[in-house]
Amino acid sequence: MEKDTLSSQTSKRHIEANWCKRWKSGEMKKLLWWCAWSIYEEDFQDQLKNMGDMDEDAMRDLLHYPPQSWCRAYFDTVCKNMAANNNFTESFNVWILDARYKPIVKMLEDIRVKGITLLREHEVQVKSWTRDFSPQSMKLYANYLKIAHTCLLHFNGDAGYEIREGEDKHTVRMEVKQCSCRQWQLSGIPCPHTIKALIYKRNDPLEQMHWWYSKDAALKAYSHKLQPVKGEKF
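About the cut-offs
What you see as residue numbers is a count from 1 along each chain, following the sequence as written. Totals for whole chains, interfaces and linings use every residue, but because this is a predicted model, local features are given only for residues with pLDDT of at least 70 and side-chain atom pairs only at 80 or more, for both listing and counting. Side-chain figures throughout are based on the complete set of non-hydrogen atoms in the structure, without hydrogens or water. The way it works is that DSSP assigns letters per residue, a run of H or I at least four long becomes a helix, a run of E at least two long becomes a strand, and they are numbered from the N terminus. Throughout this description, buried means an accessible area under 20% of the type-specific maximum (1.4 Å probe, protein chains only), exposed means over 50%, and partly exposed covers the range between. We count a salt bridge whenever a side-chain nitrogen from Lys or Arg sits within 4 Å of a carboxyl oxygen from Asp or Glu. Pairs were defined over the aromatic rings of Phe, Tyr and Trp, the Trp ring being its six-membered one, requiring ring centres within 6.5 Å. Orientation was assigned from the angle between planes: stacked under 30 degrees, edge-to-face over 60, tilted for the rest. Pairing between strands is defined by DSSP: at least two bridges between the two strands are required. The contact criterion used is simple: two residues touch if any of their non-hydrogen atoms lie within 4.5 Å. In this analysis an axis means a line fitted to C-alpha atoms, helices contributing only their contacting stretch, and an angle means the value between N-to-C directions, from 0 to 180 degrees.

Structurally, the position occupied by Ser137 is in helix 8 (residues 135-148). For Ser137, a relative accessible area of 2% corresponds to the buried category.

On to the pattern of salt bridges, then. In the structure shown here, the tally under the stated rule is 10 salt bridges. With a closest N to O distance of 2.5 Å, Asp110 and Lys102 form a salt bridge. The shortest N-O distance in the salt bridge between Lys225 and Glu123 comes to 3.1 Å. Taken as a pair, Lys225 in the segment after helix 11 (215-221) and Glu123 in helix 7 (residues 104-127) lie far apart in primary sequence, 102 residues in all. The buried category is assigned to Glu123, whose relative accessible area is 16%. In the salt-bridge network here, residues are joined through shared partners; they are Glu56, Asp57 and Arg60.

So, on to the packing of aromatic side chains. With the rule as written, the count across this model stands at nine aromatic pairs. Geometrically, the ring pair formed by Phe92 and Trp95 is tilted, given 6.0 Å between the ring centres and 40° between the ring planes. Of this pair, Phe92 and Trp95 both sit in helix 6 (residues 88-95), three residues apart, roughly one helical turn. Among the residues examined, Trp95 registers a relative accessible area of 29% and is labelled partly exposed. Note on Tyr161 and Tyr200: the rings are 6.1 Å apart at their centroids and 75° apart in plane angle, and the pair reads as edge-to-face. Of this pair, Tyr161 sits in strand 2 (residues 160-165) while Tyr200 sits in helix 10 (residues 192-200), placing them 39 residues apart in sequence. The partly exposed category is assigned to Tyr200, whose relative accessible area is 47%. An aromatic cluster is built from Trp33, Trp34 and Trp37, whose rings are joined through pairwise contacts.

What follows concerns the sheet that holds strand 3 (residues 168-173). The sheet built from four strands is open, its strands ordered 1-2-3-4 with antiparallel pairing. Only two strands of the sheet have a single neighbouring strand rather than two, namely strand 1 (152-155) and strand 4 (178-179). As defined by bridge partners, strand 1 adjoins strand 2 across four bridges and the pair is classed as antiparallel. Looking across to strand 2, one finds that Phe155 is bridged to Tyr161. Taken strand by strand, helix 10 contacts strand 1, strand 2, strand 3 and strand 4, and its axis lies near 125° from that of strand 2.

The next point concerns unusual backbone geometry. For Lys177, which is not glycine, the phi dihedral falls at a positive 55°. Residue classification places Lys177 among the partly exposed residues on the basis of a relative accessible area of 48%. Here Arg202, not a glycine, exhibits a phi torsion of approximately 65°, which is positive. With respect to the secondary-structure elements, Arg202 resides in the loop between helix 10 and helix 11. A residue is classified by how much of its surface remains accessible, and Arg202, at 80% relative accessible area, is exposed.

Here it is in structure tokens:
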């Protein structure tokens, strides 16, 4: 991996905050996010062109920030995460808000107890899943499935599939598990084009859902518990 995906995304909110100090309109901010959400380079270039048509200075100002650190089109496909921002640090700070102002021992003790509770509650939640994959991933898959039904497919008789989605067109290569839109590689969830090809082959698209979204993977993540400890007198 050239650069850790999550750490490279931490600057996205800072880029937005700094860039929008000069380019404040809602339309420009929307174009910024369309650039960030682009999942392949050609789409990114199209979104940049749209921004440049409105204001070339805004486009040049945005490119002062290397796209490799904030645009999905340049993220590696090892870490199955399509987020264009990382709120983990902010979320953690809010999570420990009550504890962080206490003396150090009491603070760490409160965080430890919160950790015990969090792991238990999340494990219970995962066990309640009615499908083999997370509800969030299944919701996204269902949306992709609807789009797939509107796509048109052409098969070359070998291993290549040409999928038309509206005015756009992508190619799917099953032997290397790649779609030219990169959505499948980025997220690990079959994109509409891949789903269309798999249905044509009479295969179950859910078999191509990445294991990281599975109930088994989630249960393994929460299987390592924090152990209870005795009080101060011990």
